Amino acid sequence: MSRAFNFSAGPAVLPESVLRQAQEELLEWGGERASVMEVSHRGKAFMEMAEAAERDLRELLAIPQHYRVLFLQGGASQHFAQVPMNLARPGQPVDFVLTGAWSEKAIAEAAHFCAPRVAASAAAGVFRGIPERSQWRLSEEAAYVHIASNETIHGVEFFESPDTGAMPLVADMSSNLLSRPIDVSRYGLIFAGAQKNIGPSGLVIVIVREDLLERSTGRVARIFDYACHAREKSLLNTPPTFGWYLAGLVFRWLKGQGGLAAMAQVNDRKAAMLYAAIDGSGGYYANRVDPAARSRMNVPFALHDPALDALFLEESRAAGLLALKGHRVVGGMRASIYNAMPEEGVAALVSFLRDFAQRHG
Ligand SMILES: *Cc1c(COP(=O)(O)O)cnc(C)c1O
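Please read these numbers as outputs of a predicted model, since none were measured by experiment.

Student: Which parts of the structure should I look at to understand the sheet that holds strand E11 (residues 285-286)?
Tutor: Neighbouring strands of a sheet are bound in pairs by backbone hydrogen bonds; such pairs are parallel or else antiparallel. One open sheet holds the three strands; their spatial order is E11-E12-E14, and the pairing between them is antiparallel. Each end of this open sheet is capped by a strand with a single partner; those strands are E11 and strand E14 (333-336). Of the pairings in the sheet, the one linking strand E12 (residues 298-303) to E14 comprises four bridges and is antiparallel in character. Its bridge partner lying in E14, valine 299 is registered against alanine 335.

Student: So what exactly am I meant to see when it comes to the pairing of E12 here?
Tutor: Counting buried positions over the six residues of E12 gives five, a clear majority of the element. Here E11 runs beside E12; their pairing, made up of two bridges, is antiparallel. Paired with tyrosine 285 across the bridge in E12 is leucine 303.

Student: It is not clear to me how a nonpolar patch on the surface should be interpreted in this structure. Could you clarify?
Tutor: A grouping of Leu26, Leu27 and Met37 is seen on the molecular surface, where their side chains present a nonpolar patch of about 310 Å² in accessible area. Relative to the helices and strands, methionine 37 is located in the loop between helix H1 (16-24) and helix H2 (44-61).

Student: What is the right way to read empty space enclosed by the protein from this model?
Tutor: The gaps left among the atoms become clear once a water-sized probe is rolled over them. With the rule as written, the count across this model stands at two cavities of 30 Å³ or more. If you go around the largest cavity, you meet 14 residues; those closest to its centre are Met173, Asn176, Arg180, Ile182 and Tyr187. Looking at the lining of the largest cavity residue by residue, the classes come out as eight nonpolar, four polar and two charged. Considered as a void within the structure, the second largest cavity measures approximately 50 Å³ in volume. Along its surface, the second largest cavity is lined by Val13, Leu14, Pro15, Lys196, Asn197, Ile198, Val250, Trp253, Tyr338, Asn339 and Ala340. In the lining of the second largest cavity, the residues fall into eight nonpolar, two polar and one charged. Three or more residues apiece are contributed to the lining of the second largest cavity by two domains, here domain 1 (17-256) and domain 2 (258-360).

Student: What should I look at first to understand the sheet that holds strand E2 (residues 67-72) in this one?
Tutor: Strand order in the open sheet formed by seven strands is E2-E10-E9-E8-E5-E3-E4, and the pairing between neighbours is mixed. At either end of the open sheet lies a strand with only one pairing partner, and these are E2 and strand E4 (115-121). Within the sheet, the average angular offset between the axes of one strand and its neighbour, ignoring direction, is 20°. As paired strands, E2 and strand E10 (residues 204-209) are joined by six bridges and run antiparallel to one another. Directly across from leucine 70, in E10, lies its bridge partner valine 206. Set on the sheet, helix H4 (residues 101-110) makes contact with strand E3 (93-98), E4, strand E5 (145-148) and strand E8 (169-172); between it and E3 the angle comes to about 160°.

Student: How should I be thinking about the pattern of salt bridges in this particular structure?
Tutor: Proximity of charged atoms lets side chains of opposite charge pair with each other. According to the stated counting rule, one finds 15 salt bridges in the structure shown. With a closest N to O distance of 2.9 Å, aspartate 279 and arginine 294 form a salt bridge. Of this pair, aspartate 279 sits in helix H7 (residues 259-279) while arginine 294 sits in the loop between E11 and E12; the two residues are 15 residues apart in sequence, bridging distant segments of the chain. In this structure arginine 294 comes out as buried when scored by relative accessible area, which is 10%. Because the salt bridges share partners, they merge into one network encompassing Glu157, Arg180, Asp268 and Arg296.

Student: Is there a simple way to think about the layout of surface pockets in this case?
Tutor: Quantified by volume, the largest pocket comes out at close to 460 Å³. Taken together, the residues that form the lining of the largest pocket break down as 15 nonpolar, four polar and four charged. Counting contributing residues, the lining of the largest pocket receives three or more from each of domain 1 (17-256) and domain 2 (258-360). Approximately 310 Å³ is the volume found for the second largest pocket. In terms of lining residues, the second largest pocket is bounded by 15 residues, among which Ile130, Pro131, Arg133, Phe158 and Glu160 are the most central. Grouping the amino acids of the lining of the second largest pocket by side-chain chemistry returns eight nonpolar, one polar and six charged. Both domain 1 (17-256) and domain 2 (258-360) contribute no fewer than three residues apiece to the lining of the second largest pocket.

Student: Would you mind showing me how to read the site of the ligand here?
Tutor: Every residue near the ligand is listed here: Gly75, Ala76, Ser77, Phe80, Trp102, Asn150, Thr152, Asp172, Ser174, Ser175, Gln195 and Lys196. Alanine 76 has a polar backbone atom sitting 3.2 Å from an oxygen atom of the ligand. Between lysine 196 and the ligand, the recorded distance is 2.6 Å, taken from a side-chain N or O atom to an oxygen atom. In isolation the ligand offers 390 Å² of accessible surface; the protein chains occlude 86% of this area.

Student: Please explain the environment of threonine 238 as it appears in this structure.
Tutor: Relative to the helices and strands, threonine 238 resides in the loop between helix H5 (226-231) and helix H6 (241-256). When neighbours within four sequence positions are excluded, threonine 238 is seen to be in contact with His41 and Gln73.

Student: Just checking my understanding: could you explain helix H3 (residues 75-87) for this structure?
Tutor: Residue pairs three or four apart in sequence face the same way in an α-helix, which turns once every 3.6 residues. Compared with the 18 Å implied by 1.5 Å per residue over 13 residues, the 18 Å span of H3 between its first and last C-alpha is a close match. Roughly 30° is the biggest bend found in H3, and it falls at alanine 81, with proline proline 84 one to four residues downstream. Taken together, the buried positions of H3 are occupied by Gly75, Ala76, His79, Phe80, Ala81, Gln82, Val83, Pro84, Met85, Asn86 and Leu87. Where the residues of H3 are buried, they touch E2, H4, E8, strand E9 (189-193), E10 and H5.

What counts and how
- Residues numbered from 1 in each chain as written.
- Predicted model: local features only at pLDDT ≥ 70, side-chain atom pairs only at ≥ 80, totals over all residues.
- Heavy atoms only, no water.
- Pairing = 2+ DSSP bridges.
- Helix = DSSP H or I, 4+ residues; strand = E, 2+ residues; numbered from the N terminus.
- Buried < 20%, exposed > 50% of the residue type's maximum accessible area, 1.4 Å probe, protein only.
- Patch = residues over 30% accessible without salt bridge, like charges linked within 9 Å, V, L, I, M, F, W, Y side chains within 5 Å.
- Areas by Shrake-Rupley, 256 points an atom, 1.4 Å probe, with all protein chains shown as cover.
- Salt bridge = Lys/Arg side-chain N within 4 Å of Asp/Glu carboxyl O.
- 1 Å grid on protein atoms, 1.4 Å probe; cavity = no way out; pocket = protein on both sides within 12 Å on 5 of 7 lines; lining within 4 Å.
- Points joined across faces, edges and corners; volume = space filled by probe spheres on them.
- Nonpolar A, V, L, I, M, F, W, Y, C, P; charged D, E, K, R; others polar.
- Domains from an automatic or database assignment.
- Axes fitted to C-alpha atoms, helices over the stretch in contact; angles between N-to-C directions.
- Contact = heavy atoms within 4.5 Å.
- Near = heavy atom within 4 Å.
- Polar contact = N/O pair within 3.5 Å; in protein donor to acceptor, adjacent residues only side chain to side chain.
- Expected span 1.5 Å × (residues − 1).
- Bend = angle between axes of the 7 residues up to and from the residue.

Worth remembering: the numbers are spatial, not functional.
Listed below in structure tokens is the structure:
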């Protein structure tokens, strides 16, 4: 048996060369004569690796000096709560752009710590697009504006960083951080769970503008306080050491691929190939997202006859194409084609789509 093409939405595919390197040095890492999982996070070897990972991430995203990078635990969902804890006062309004399941969850969690408002919503269009910036109704008193830059479940993505003026923009980039260059200076805070496009689950990356760290001073428990984590260089307590290490290998891999501009070109080609196959299937397959907002990372699609879904999943799995079942909220299928999904994987999926439609026309 060999590795299949894995279209899972998360935890998701990782670069094979990264996994091989991790395998090679799993038992004895560097000169440590122990695994990276078995050494102190305060030892020299770990700290050097951790600093190199941050340097590489800063280089990849061209993160300005006045932003801090945190390597934390808890999953992106924890930060749905932790962001308002840190950036909003109790009862203060926070504006949300509601574009799908993940922004919806973020609103529900924020309600424990602030007064979330829906400044714009795509719910009426059953989450098939991004509301025009001119239609957003932002509140003057809001602590910040929250967006989910890529809705992993609904397959809707922001392609521009919206202009929110002096109001800090917070973005949940769990499923598209590192898929293309972004202008970090447009954001107040970016967070991303690692298991989509960065590394294993258990690690969350937070990129936060320094002045925003002052908002939480003395108000929240240290373990939830971004300013504390920043002061302690993400070593306030034991960080997810293996996740940090593996993310570091992924950053090095990305640099070797030519960085994020090069990744963006590959990602554009993969998405274009897959959407063209769906759109060109004469209605056999359909993706109903507004073409201007179609995600290049997560491609939901439906078969013309849902009675074929089970057969589609069985045959695709047998053909070495894994995890194409759509999220239960949307149904149908979904192909997640993150950075680590090679173009050959998407080409194999496209030829399977054609073949399946022919055989079960
Ligand atoms: C997966 C995902 C999350 C939740 O991540 P957890 O690590 O499971 O908490 C949040 N936001 C987006 C956009 C996601 O794709």
